[in-house]
Each structure stands twice: as structure tokens, then as C-alpha cells.
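# Coordinate analysis (summary)
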Amino acid sequence: MIGLRGFLVLGLVSLALGQCAKAPPQPAVLPVAPVKVGPEINLTTTPVPLSSANPPPVSIGRFVYAGGIAISSPDTQRLHGLSDLKFGPDGGLVAVSDDGDLFEAKLKLDEAGRLVGLTDGKLQPLKGLDGQPLQGKAQSDAEGLAILANGDRLVSFEREHRIWLYPRLADGSYGTPRAVNKPATTFPDNEGMEALTAYPIAGPDAYLVGGEEGEVWLCKLSAQCVGLAPQSPPDFTWGLTSFAAFQGQAIAALYRAYDPIRGWRGQVRFVVDPRAPAAKQFLAATLTLDGATTRDNFEGIALSTGPSGATRIYILSDDNDAPQERTLLMAFDWTAPPPPPPAPPKPVKRRR
């Protein structure tokens, strides 16, 4: 093995020889096709089944599978590590990555309303307080994303734990960020504010923040964060990764777990009111992705209304830029069960 000193010597010798015998100048080689300028990227999407079972099931309990895709791009090596997603004011998908990138695309649905692909892909770096792209893992490790009613974006970062607000400008672009309120606590280096969602029922500037171990805070741009009852994971192998608010006070909480035997697992919980005391927390539904179910390192969740009027859940996986993992986007439609029939009236006792 040649050490650093050897590499330097070889480099100097090569440079000297190059100065002594320069090759004649070569004509410039032009590209054979136009080169794109800007954040636009082509996307490759491959359908994935709900399960490896043959035939695969169509639902998990009341959660009906509404299609899923594996996402990649032939244009960039940076479409990896997507760690949260939400829907923007125009209905487009917005996601952030562990490397400080912002990914945007539009959903492609078939005639039945099932997810079959993505179009109009864009990938660009998040900007820092100086207006320049974020540099280095410590600065750029984005984990949570929230979009306020006015279109402003909130992004939470770990390692250097902070929440920044990216203001939406009149032309639809986004300005230089500024720091906003975050929980007054100390997070581990790589286990920070994973879950983030706007929470408009508590105010137009309100947002919920969740730590990986299940801690929860209600924050506002205009007020400090207040601790709420934790949304604890099923056990110590699980971690909280994302929040999405819906139906007023309810939230969807996303968890992921990994062990070498079972691999990645995921779980979505519908919490009726995260502001309630722990003893009065109530789950409306739970979706667990395990066993033969298609699954990966799920870190992002977003909700919308499906074509049938059901609650549409989209979950996104972080592939960790690893060849054995994938960037998956999977959709499920959930319909609440019908209310129980009213109890029969009690017989009236007659007086004798």
C-alpha cells in the first residue's frame, strides 16, 4: 500500500512530466443531448405488492391497499434517505432527506384512484440561514416536515437539533429560513425531533413535535413548547418517526422497528386526541406491517382523502442509501367502522 507521502511524490512527478510533454489541445466534446439545468429529475417507479403471499391480500383489517411503488432516478445519486413527507398547497408531495435535500413530485393515480407512479420530480438542496445550500451531515440531517396553513414549511433537524421555518413567498417560492421554537430538552445526537406536523386545531401557528422515544410537545411560533403525554412505541425496539394531523384533533403516528431476524417493521396508530392525559388516550385504529407484508424503514406519513371518501394514508421509507433497502411509497384507504347500534330502551317499571 502506498502511503500519503508516496501519493504526493507520484503526484509531483506526474505534474513535472506533464509540464515537460504537454499533449496537443483537443477539441471540446459536446453532449449528444441537451443537459437539463435546474432541479428537475426523471423518476423511475416500480409497482410493489402489499405482500409476498401468492396471491397477495388486498387489505390489512380495515386498511385497504391502494397501491405502492419503489422510487429511484436515473439522473441523480442523491435521491436517498427521504425521512418525512407532507402534501403542499398544490396537492404535490414534498419530502426532506437526511442529506439536506428537498424532494417534490406529483402523485400519479389510475382510474380507480390507486397509486401507480410519480411525475414532475424535483430535487434541490435546502438552504441555510445564509441562503446557501446546507453543508455537512451535522447541518443537513433533516428528519421532520410540516406545512402550515399559509404554506410556510417547518423542517426539524437532528445532530444540530433545531426547527427552521421556510417562508412561502408571494410567487410560490420559499425564502431564507429562520429558527423557531423547539422543545427545551437535550436530544441524543442521532435521535432527535423525528415527528413534526402542523396542528391547526390549536392555532394557525401550532405544530406538534415528537422525539424518537415517543416524547411529544405542542409548540407555536408565538409560544414556547409544552410537553404532552408521550406516544410511546410498542416496545424498546420501535421508534417514533412521523406525525400527520387529521380530522381536527386526531393524529396518525408512524413507528418503525428493526432487528436482524425480522428485518424492518412498521406501524401506524390513529390517536383520537394527543392532548389528552395518558390515561385517557384512545386509539381509533392500528395498521401493522410485518411478516410477509412489503415493508422497509418507514419514516414519513401524510394523509389525504381518497376517491371513495376514505382516509388515504401514504407512508414513505428511508433507504439509508443502502443497496438492500428501497425508497417505498405505499398507500392505504381507511374507513372508520360504523357506530354500534343504540342500546334498546330500558323497560319502564309500572307502579302497582
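Time to look at the pattern of salt bridges. All told, the structure shown has 13 salt bridges when counted by the stated rule. The partner of Asp-101 in a salt bridge is Arg-78, with the nearest N and O atoms 2.7 Å apart. Taken as a pair, Asp-101 in strand β7 (residues 101-109) and Arg-78 in the loop between β4 (63-72) and β5 (82-87) lie far apart in primary sequence, 23 residues in all. Look at Arg-78 and you get partly exposed, because its relative accessible area is 43%. Between Arg-256 and Glu-299 there is a salt bridge; the shortest N-O distance is 2.7 Å. Remark: Glu-299 occurs in strand β21 (residues 298-305) and Arg-256 occurs in strand β18 (residues 250-259); sequence separation between them is 43 residues. Assigned by exposure class, Arg-256 and Glu-299 land together as buried. The network of salt bridges with shared partners includes Asp-141, Arg-159 and Asp-189.

Let us now look at the state of the cysteines. The term disulfide refers to a covalent linkage connecting the sulfur atoms of a pair of cysteines. Counted by the stated rule, this structure contains one disulfide. Between the sulfur atoms of Cys-219 and its disulfide mate Cys-225 the distance is 2.1 Å. Between Cys-219 and Cys-225, the S-S dihedral sits near 110°, and the bridge is therefore right-handed. The residues Cys-219 and Cys-225 share a single accessibility class, namely buried.

Summarising the element assignment, Ala-322 is placed in the loop between β22 (311-317) and β23 (328-334). The class for Ala-322 is buried, based on a relative accessible area of 15%. Separated by 242 residues in sequence, Ala-322 and His-80 have C-alpha atoms that sit 8.7 Å apart.

This next bit is on unusual backbone geometry. Omega for the bond connecting Asn-54 with Pro-55 falls within 30 degrees of zero, at 0°, which places this linkage in the cis form. Inspection of the secondary structure assignment puts Pro-55 in the loop between β2 (44-47) and β3 (59-60). Located in the positive-phi region is Asp-120, a residue other than glycine, with phi close to 55°. Residue placement: Asp-120 occurs in strand β8 (residues 115-125). For Asp-120, a relative accessible area of 49% puts it in the partly exposed group. The backbone of Arg-159 shows a phi angle near 75°, a positive value even though the residue is not glycine.

Moving on: the sheet that holds strand β12 (residues 178-179). Strand order in this open sheet of four strands is β9-β10-β11-β12, and the pairing throughout is antiparallel. Edge positions in the sheet fall to β9 (142-147) and β12, since each has one partner strand and no second. Pairing of β9 with strand β10 (residues 153-157) involves five bridges; the strand directions are antiparallel. From the neighbouring strand, Gly-144 faces β10, where its bridge partner is Ser-156.

With that settled, consider the packing of aromatic side chains. Evaluation of the coordinates by the stated rule reveals nine aromatic pairs. Between Phe-187 and Trp-217, the ring centres sit 5.8 Å apart and the planes meet at 75°, which makes this aromatic pair edge-to-face. Here Phe-187, found in the loop between β12 and β13 (193-198), pairs with Trp-217, found in strand β15 (residues 216-220); they are 30 residues apart in sequence, far enough to count as distant. Members of the aromatic cluster, joined through ring pairs, are Phe-63, Phe-246, Phe-270 and Trp-334. One Lys or Arg, Arg-162, reaches over the ring of Trp-164 and ends 4.3 Å from the middle of that ring. Above the face of the Tyr-255 ring, Arg-269 is positioned so that its terminal group lies 4.8 Å from the ring centre.

Conventions adopted
- Residues numbered from 1 in each chain as written.
- Predicted model: local features only at pLDDT ≥ 70, side-chain atom pairs only at ≥ 80, totals over all residues.
- Heavy atoms only, no water.
- Salt bridge = Lys/Arg side-chain N within 4 Å of Asp/Glu carboxyl O.
- Helix = DSSP H or I, 4+ residues; strand = E, 2+ residues; numbered from the N terminus.
- Buried < 20%, exposed > 50% of the residue type's maximum accessible area, 1.4 Å probe, protein only.
- Disulfide = S-S within 2.5 Å.
- Pairing = 2+ DSSP bridges.
- Phe/Tyr/Trp six-rings, centres within 6.5 Å; stacked < 30°, edge-to-face > 60°.
- Lys NZ or Arg CZ within 6 Å of the ring centre and 35° of its normal.

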